[in-house]
Each structure stands twice: as C-alpha cells, then as structure tokens.
Amino acid sequence: MRRTLLFLPFALFLGMGFFLWRGLSLDPSELPSALIDRPMPAFELAALDQAKGQYSQEDFKGRVALLNVWATWCPTCKQEHSYLNELKRKGVAIYGVNYKDERDKAVQWLVRDGDPYMLNIFDPEGRLGLDLGVYGAPETYVIDAEGVIRYRHVGAVDQQVWQTLKSVMLSVGWQEKG
Amino acid sequence: MLRIFAGLLLMLTFQLGNAAIDTYEFNDEQAQKLFRSLTEELRCPKCQNQNLADSNSPIASDLRREVHRMVQEGGDRQQIVDFMVARYGEFVLYKPRLTVSTYLLWYGPWALLVIGVLVVFLIIRKKPKQQAQQQVAGTLDGQQRQRLDELLASNTEEREQK
C-alpha cells in the first residue's frame, strides 16, 4: 500500500500533463455561443437594399443556411468574401447581417466584389448582433430550417471551416446540390 | 511663430487621453451604483481580461450602452445579468454563478483544505505511536542488559585482537 502511494505524485503529474498538453491546442479567446440549439432571436430590421423593406426572424425559416455577420470595416471579412462567393456558386444559401456599418459603403462593397447573400440585413446599431452574442466580425452561424441556431464559427470561412460547417448543415437535413 | 506652432502641436496631445469615458446620466444614485458595479463585474467578451468599465473595444461600449439602458428602465441586477449570460454565456461574468457545473470551482479549494488538514492530522497521530513503540523496545530488563554487556564486551575483545 505504501509503495502505491509513492506513485501518487507521478500519477498527478501525468494527469496534469495530459490536460496541459490538450490546452496547447485550445484557443482561449474563443467563446462558445450561448445560443446553440436556441431559436434565432426575434428582430425587425431593414434590408440593406432599401427597396426590399423589412426583415424579421421569420425570413430565416424554410431552409438550412449560413448566417454571415460582416462589415466593410473588417479586414478579415474581405478575405473570406471570395470564398463566400464560391459557396454561393455551390448552391449554399447565405444570409448576411451588415453589422454596425454604413449603408452606402456596404452596397458599394457588394457591387464591387460580388453578392453571395440571399438577403442582407442592415444592422447599423448592432442590435441583432448583440442578441446573437456577436463579439467580433466576421462570424458565421448555421441555421436550420426551423430557424434554430446550430453552430457558430468566429473568424473567416475557408475550405477547412467549410468542411465543419457542411457537416453541421448535413446533420440538420441540408441537401448538397450538384 | 515657432512658439505658436509648438503650442498648437502640444494641444494635439490633449486628445490622446481618451480612455473608456462615456458620459452617462442616471435617474438616481442607486442606478449609478448599479451601473458601476455591473460594468465592473461583467467581462468584455472580446478582450479576454478586461471588464466592461475598463475596455475600449466597440463591443464593450455597446454593452455599456445596453446596461445603461436597462438600468434606466429600472431593471434589477438579476435581469441584466441574465440578459448578458443569455447572449454571451457564463464567460461574461467575473463572478461565476453557483450551478452544478461550478461546484468544483467554488467548493474545490475548501475540499482540498479539508483533505490537507486530515492528512496532517493522520500523520501527527502516527508519530507519537511510533515513538512509544521505540521506547518500549528500548527498555531491557536486568538479565537482558547483562547479556547485552557480555556480547558487547566480547565483540570489543575480538576487534582489539585483530
């Protein structure tokens, strides 16, 4: 019994070592979303394209889609923009939330670099962003057909991130086209 | 002329003391106190280790504005805390709430202290027992002592002969 007790510090060391090793690959600034598996928060905001009127959370129901929070002042959004265009070509539905931005600049940006969004919400005060728990652009959410939030990714969307997003979308009934 | 120029240049630096100072007005002192204590207890979601009161980031000033709005509307502490946690998760609280998942955090140190005291106590209890045993072994009766002396004597003789 004595002998086994002597190994206790070593066992503790192994245990700690394992957790510390795992910690090396964790990102401490990444916040888990508090809204996973909760419905899209209710809102009523104008469309970026003023001609399209108002949108509400009801407009987010009916299909599995991505929700991308973006802004023209955010350099990472510029980086991911071309990839979003590609996703649109693949047939992925993407909703956009233009977060704390200026309307003209946003419209210009889309004209210049392409518009991958099915619809775009103008959120100049960040109200919807606050309700979603957005803490930095860009953020991309997976929304299922009932308007329930299933996943959040903070940061640019690229090939690798898309694989994760795709698997979440497939698990909630998305059908890949072509 | 140069002096005027230098003076103007100096005046530019006055703008740099731009800390997280928003001016908010409150209905009463209680509201102001609530605002202050909440912004000191809520963590800025983006800045890792600053509270809302200290942080300069846009999200922090948005959240300060929210807290101010809710305080002005008469919300109480619990409501505002719940609002923030519903959107940003438990991370946003500097004082974690007492739920099943935070038992380890709150009670862990006390549990370790109790275990430590227990271990020390057990060790102390063993010590006097060991000493008592040694004392008992140390007392030999007269006959045994004589035998011991004989043995020691013969041992020393052998050594001297060598």
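Below you will find a few notes about this structure. Since this is a predicted model, take the numbers as computed values, not measurements.

Okay, the environment of Ala 106 of chain A next. Residues and elements named next belong to chain A. Within the secondary structure, Ala 106 sits in helix H4 (residues 103-113). Using a relative accessible area of 0% as the deciding quantity, one classes Ala 106 as buried. Through-space distance from the C-alpha of Ala 106 to that of Glu 30 is 27 Å; in sequence the pair is 76 residues apart. When near neighbours in sequence (up to four residues on either side) are disregarded, Ala 106 contacts Leu 48, Trp 70, Thr 72, Asn 98 and Asp 101.

Residue and element names in this part refer to chain A. Across the sheet, five strands lie side by side as E5-E4-E3-E6-E7; this open sheet has mixed pairing. Each edge of the sheet is formed by a strand with only one pairing partner; in this case those strands are strand E5 (119-123) and strand E7 (149-154). Here the strands of the sheet are splayed against their neighbours by 20° on average, with no regard to which way each runs. Pairing of strand E3 (residues 65-70) with strand E4 (residues 94-99), which is carried by five bridges, proceeds in the parallel orientation. Among the inter-strand pairings, Val 69 is bridged to a residue of E4, identified as Val 97. In the packing of H4 onto the sheet, the strands contacted are E3, E4 and E5, and the crossing angle to E3 comes to about 125°.

To continue, consider the nonpolar core. Judged by nonpolar contacts, the single largest core of 46 residues is most densely connected at Met 40, Leu 67, Ile 121 and Leu 132 of chain A together with Val 67 of chain B. At the level of elements, E3, E4, E5, helix H5 (127-132) and strand E6 (139-143) of chain A together with helix H2 (29-41), helix H3 (58-72) and helix H4 (77-88) of chain B are the ones that each hand at least two residues to this core. The residues contacting Ile 121 of chain A, other than those within four sequence positions of it, are Phe 43, Leu 45, Ala 46, Leu 48, Tyr 55, Phe 60, Gly 96, Val 97, Asn 98 and Leu 128 of chain A.

As a further point, take the pattern of salt bridges. For the structure shown, the criterion picks out 19 salt bridges over all chains. Here Asp 49 of chain A and Lys 52 of chain A are joined by a salt bridge, their closest N and O atoms 3.8 Å apart. Between Glu 66 of chain B and Arg 69 of chain B there is a salt bridge, and its shortest N-O distance comes to 2.7 Å. Of this pair, Glu 66 of chain B and Arg 69 of chain B both sit in helix H3, three residues apart, which is roughly one turn of the helix.

So, about the packing of H2 of chain B against H3 of chain B. Packed helices, taken two at a time, are described by their axes: the angle between them and the distance between them. Residue and element names in this part refer to chain B. The N-to-C vectors of H2 and H3 enclose an angle of 150°; their axes lie 10 Å apart at closest approach. In this structure, H2 crosses over H3, and the sense of that crossing is right-handed. Of the residues in H3, those touching H2 at Ala 31, Leu 34, Phe 35, Leu 38 and Thr 39 are Arg 64, Val 67, His 68 and Val 71. Across the contact of H2 with H3, the residue classes break down as six nonpolar, two polar and one charged.

In this section: H2 of chain B. Residue and element names in this part refer to chain B. Here H2 spans 18 Å end to end across 13 residues, near enough to the 18 Å set by a 1.5 Å rise per residue. Buried within H2 are the following residues: Ala 31, Leu 34, Phe 35, Leu 38 and Thr 39. Relative to the axis of H2, the buried residues are bounded by an arc of 120° and lie together on one face. For H2, the exposed residues set more than 90 degrees away from the buried face come down to Glu 29, Gln 30, Lys 33 and Arg 36. On its buried face, H2 is in contact with H3 and H4. Near the N-terminus of H2, the side chain that reaches the backbone nitrogen of Gln 30, with its oxygen 3.1 Å away, is that of Asp 28.

The next subject is the pairing of E6 of chain A. Residue and element names in this part refer to chain A. Most of E6 is tucked away: five of the five residues are buried. Residue alternation in E6 divides its side chains into two sets, Glu 139, Tyr 141 and Ile 143 and Thr 140 and Val 142, and both sets are buried. Where E3 lies against E6, five bridges are found, and the strand directions are antiparallel. Across the sheet, Leu 67 pairs through a bridge with Tyr 141, a residue of E6. Connecting the antiparallel pair E6 and E7 is a turn made up of five residues, with Gly 147 showing a positive phi of about 80°.

About the cut-offs
- Residues numbered from 1 in each chain as written.
- Chains lettered and ligands numbered in written order.
- Predicted model: local features only at pLDDT ≥ 70, side-chain atom pairs only at ≥ 80, totals over all residues.
- Heavy atoms only, no water.
- Helix = DSSP H or I, 4+ residues; strand = E, 2+ residues; numbered from the N terminus.
- Buried < 20%, exposed > 50% of the residue type's maximum accessible area, 1.4 Å probe, protein only.
- Contact = heavy atoms within 4.5 Å.
- Pairing = 2+ DSSP bridges.
- Axes fitted to C-alpha atoms, helices over the stretch in contact; angles between N-to-C directions.
- Core = buried A, V, L, I, M, F, W, Y, C linked by side-chain atoms within 4.5 Å.
- Salt bridge = Lys/Arg side-chain N within 4 Å of Asp/Glu carboxyl O.
- Left-handed = near helix turned anticlockwise from the far one by under 90°.
- Nonpolar A, V, L, I, M, F, W, Y, C, P; charged D, E, K, R; others polar.
- Expected span 1.5 Å × (residues − 1).
- Arc of directions from axis to C-beta.
- Polar contact = N/O pair within 3.5 Å; in protein donor to acceptor, adjacent residues only side chain to side chain.

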